[in-house]
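# Overview (structure and organization)
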Amino acid sequence: MAIASTLASTQNPFLCLRQPPSPGNRSVVFRRCQDPCGRRWISRSIRACQPSDKLGGDGGISASAQRLYFGKELLSFASDNFLPLALVSGVGLGFANPTLGCLADKYSFTKISTCGIFIISGLTLRTEAIGAAVKGWPLGLFGLISILLLTPSFSRLIMLVQLQPRELVTGLGIFCCMPTTLSSGVALTHLAGGNAALALAVTVASNLLGILTIPFWVSRYIAGGVGVSFPTDQLFRSLIVTLLIPLIIGKVIRESFKGFANFVDNNRKLFSKINAICLSLVPWIQVSRSRSLLLSVQPKVFLAAVGIGILLHLSLLAFNAVSIRILSGLTGGSKSSKENSTAVLLVSSQKTLPVMVAVVEQLGGAFGETGLLVLPCVAAHLNQIMIDSVLVNLWLRRGKDTSTKVKTA
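Since the structure is predicted, the reported quantities are computational estimates derived from the model, not experimental observations.

### Observations concerning the overall build of the protein
Of the regular secondary structure elements, the protein holds 19 helices and three strands. The buried share of the protein, taken over its 409 residues, is 43%. In the protein, the proportion of contacts linking residues at least 24 apart, taken out of those at least 6 apart, comes to 78%. Here the protein displays about 22,000 Å² of accessible surface, and carbon together with sulfur accounts for 65% of that area.

### What about a nonpolar patch on the surface?
Residues V241, I245, I249, I253, F257, F260, F263, L270 and I274 make up a contiguous nonpolar surface patch of roughly 760 Å² in combined accessible area. Contributing elements (two or more residues each) for the nonpolar patch: α12 (232-256), α13 (258-266) and α14 (268-289). It is α12 that contributes the most residues to the nonpolar patch, four residues altogether. Inspection of the secondary structure puts F260 in helix α13. Taking relative accessible area as the criterion, F260 reaches 32% and is therefore assigned partly exposed.

### Overview of the packing of helix α5 (residues 109-123) against α14
The relative placement of two packed helices comes down to the angle between their axes together with the axis-to-axis distance. Relative to each other, α5 and α14 sit at 160°, their axes nearing to 9 Å. Considered as vectors, α5 and α14 are oriented roughly antiparallel to each other. Here α5 runs over α14; the crossing is left-handed. On the side of α5, the interface is formed by F109, T110, S113, I117, I120, S121 and L123, while α14 contributes F271, I274, N275, C278, L279, L281, V282, I285 and Q286.

### A word on the packing of aromatic side chains
To describe a pair of aromatic rings, one takes the distance between the centres and the angle between the planes. For the structure shown, the criterion picks out five aromatic pairs. Their ring planes at 5° and their centres at 5.3 Å tell us that W217 and Y221 sit as a pair that is stacked. Taken together, the positions of W217 and Y221, both in helix α11 (residues 196-226) and four residues apart, correspond to about one turn of that helix. For the pair formed by W217 and Y221, the shared burial category is buried. A network of ring pairs unites the aromatic residues F216, W217 and Y221 as a single cluster.

### Considerations on the nonpolar core
In terms of nonpolar packing, the biggest core is built from 56 residues, with I174, M178 and F367 touching the most fellow members. Sorting elements by how many residues they give to this core places helix α19 (residues 370-408) first, with nine residues. Look past the residues within four positions of I174 in its chain and what remains in contact with it is I222, M356, V359, V360 and F367. I147, V186, L198 and A199 belong to the second largest nonpolar core, which has 18 residues in total.

### Some words on the UniProt feature "transmembrane region" (unreviewed entry) in the protein
UniProt records the feature "transmembrane region" (unreviewed entry) for residues 82-103, 140-161, 168-192, 198-223, 235-253 and 301-322 in the present numbering. Secondary structure content for residues 140-161 is 73% helix and 0% strand, and the end C-alpha separation is 32 Å. The distance from the first to the last C-alpha atom of residues 301-322 is 32 Å, and the span holds 100% helix and 0% strand.

### Topic: α5
Helix length check: α5 (15 residues) gives 21 Å between terminal C-alpha atoms against 21 Å at 1.5 Å per residue, within 8%. What α5 keeps buried is the set T110, S113, T114, G116, I117, F118, I120, S121, G122 and L123.

### Observations concerning the pattern of salt bridges
Per the stated rule, a full pass over the model turns up four salt bridges. Residue D265 pairs with R254 through a salt bridge whose shortest N-O separation is 3.0 Å. Of this pair, D265 sits in helix α13 while R254 sits in helix α12; the two residues are eleven residues apart in sequence, bridging distant segments of the chain. On the accessibility criterion, R254 (5% relative accessible area) is buried. E255 is the salt-bridge partner of K258, the closest N and O atoms lying 3.3 Å from each other. Overall, K258 belongs to the exposed group, its relative accessible area being 53%.

### Concerning the environment of S206
Within the secondary structure, S206 sits in helix α11. Judged by its relative accessible area of 0%, S206 is buried. Taking the C-alpha atoms as reference points, S206 and I147, 59 residues apart in sequence, are found 7.0 Å from one another. Ignoring anything within four residues of it in the chain, the contact list for S206 reads L144, I147, L148, P179 and T180. A distance of 3.0 Å separates a polar atom in the side chain of S206 from the backbone oxygen of T203.

### Details of helix α9 (residues 167-176)
A large share of α9 lies buried, amounting to ten of its ten residues. Taken together, the buried positions of α9 are occupied by E167, L168, V169, T170, G171, L172, G173, I174, F175 and C176.

### Notes on the packing of helix α4 (residues 98-106) against α14
Remark: α4 packs on α14, axes separated minimally by 8 Å, with the N-to-C direction vectors making an angle of 105°. By the angle class used here, α4 and α14 are roughly perpendicular. In contact with P98, L100, G101, C102, A104 and D105 of α4, α14 contributes W284, I285, S288 and R289.

### Things to note about the side chain of N195
As for its position among the elements, N195 is in the loop between α10 (184-192) and α11. Overall, the relative accessible area of 16% leaves N195 in the buried class. Only 2.8 Å separates the side chain of N195 from the side chain of N340, close enough to count as a polar contact. Aside from chain neighbours lying at most four places away, what touches N195 is T189, E339, N340 and A343.

Calculation rules
- Residues numbered from 1 in each chain as written.
- Predicted model: local features only at pLDDT ≥ 70, side-chain atom pairs only at ≥ 80, totals over all residues.
- Heavy atoms only, no water.
- Helix = DSSP H or I, 4+ residues; strand = E, 2+ residues; numbered from the N terminus.
- Buried < 20%, exposed > 50% of the residue type's maximum accessible area, 1.4 Å probe, protein only.
- Contact = heavy atoms within 4.5 Å.
- Areas by Shrake-Rupley, 256 points an atom, 1.4 Å probe, with all protein chains shown as cover.
- Patch = residues over 30% accessible without salt bridge, like charges linked within 9 Å, V, L, I, M, F, W, Y side chains within 5 Å.
- Salt bridge = Lys/Arg side-chain N within 4 Å of Asp/Glu carboxyl O.
- Axes fitted to C-alpha atoms, helices over the stretch in contact; angles between N-to-C directions.
- Parallel < 35°, antiparallel > 145°, perpendicular 65-115°, else oblique.
- Left-handed = near helix turned anticlockwise from the far one by under 90°.
- Phe/Tyr/Trp six-rings, centres within 6.5 Å; stacked < 30°, edge-to-face > 60°.
- Core = buried A, V, L, I, M, F, W, Y, C linked by side-chain atoms within 4.5 Å.
- UniProt positions renumbered as here; feature names shortened; annotations may be inferred.
- Expected span 1.5 Å × (residues − 1).
- Polar contact = N/O pair within 3.5 Å; in protein donor to acceptor, adjacent residues only side chain to side chain.

Okay, here's the thing in structure tokens:
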């Protein structure tokens, strides 16, 4: 009996949640037990005056809370996938209402957006990050050789494919002669835990040197296949004006105004989204201008062109992976070598869309309808980002599994 009375006197002094007595009353009732005299317990109720917007009448999550959660998840998804969504939206808007796109083309918005892309690239270019990549120079040098000298030869195989309209194949062939992507390769390298500084150095160097190599490869592999004369000198000058000078302007602004440089560094996501918007203007304008012609393309033909773009990227990944493994075996493997290999594999297997668009614009329709040339490359650009994103996620999962096994052992 003494034990029972002792247990009865030691009730939990914390708050206890009790359901309201009536289903219609949505207020919450709390019971708190006090022992002011040390002999008996006194219960006092505290009733919430305002109904909760997070709990329903049955204790579940309310509809407003569910909508708020769904909205946050949707905004997070849109922020994480802003570039693919912007490109797809540009293509969709061009098909849905080509009037605005044609008006933008009349006022040369494509050239303005292309210059804007490279000005932003110069604004976000960190000099110290390039200097940090010196240690990975052997693989970095291979990356440049692969991007500028080896992978453009894949366009010769692409040009052997027989598809009508011919511009779909020609566009992919031109796309294959381009340098690496301006931002996605570096971003994915950082996400995968690779040497982002090395990836940035290879990206900058390949895009600058690409001004010299693009006219040569397009003239050799593409112009002969379609039977047109290629204005190499004119394209070289145009690329300098459209790509190199805006990049230098952006870099000079960054180095001249340190306060603005800090603002750019603190808002890199904002400038990345502005860059994506500028890039999405290109397919929007091109699709709007060539809408009637694009609608005449059979779906199975376009899907075949998309399949060729996917096969191209997988082939570049396989080629670079084998080459990097051989080179890493010769130079000796280490943790830093693995980080460098990840960086070089990603950036050397991607091709840039903005430079391709700049090249096509400068050719003035020499290789056919511009919209047909650009559209399969937009799909190839999206596909390479999605494929590499899946690849990076697989690497991250494998790394987590390995670390878990090590901890368990």
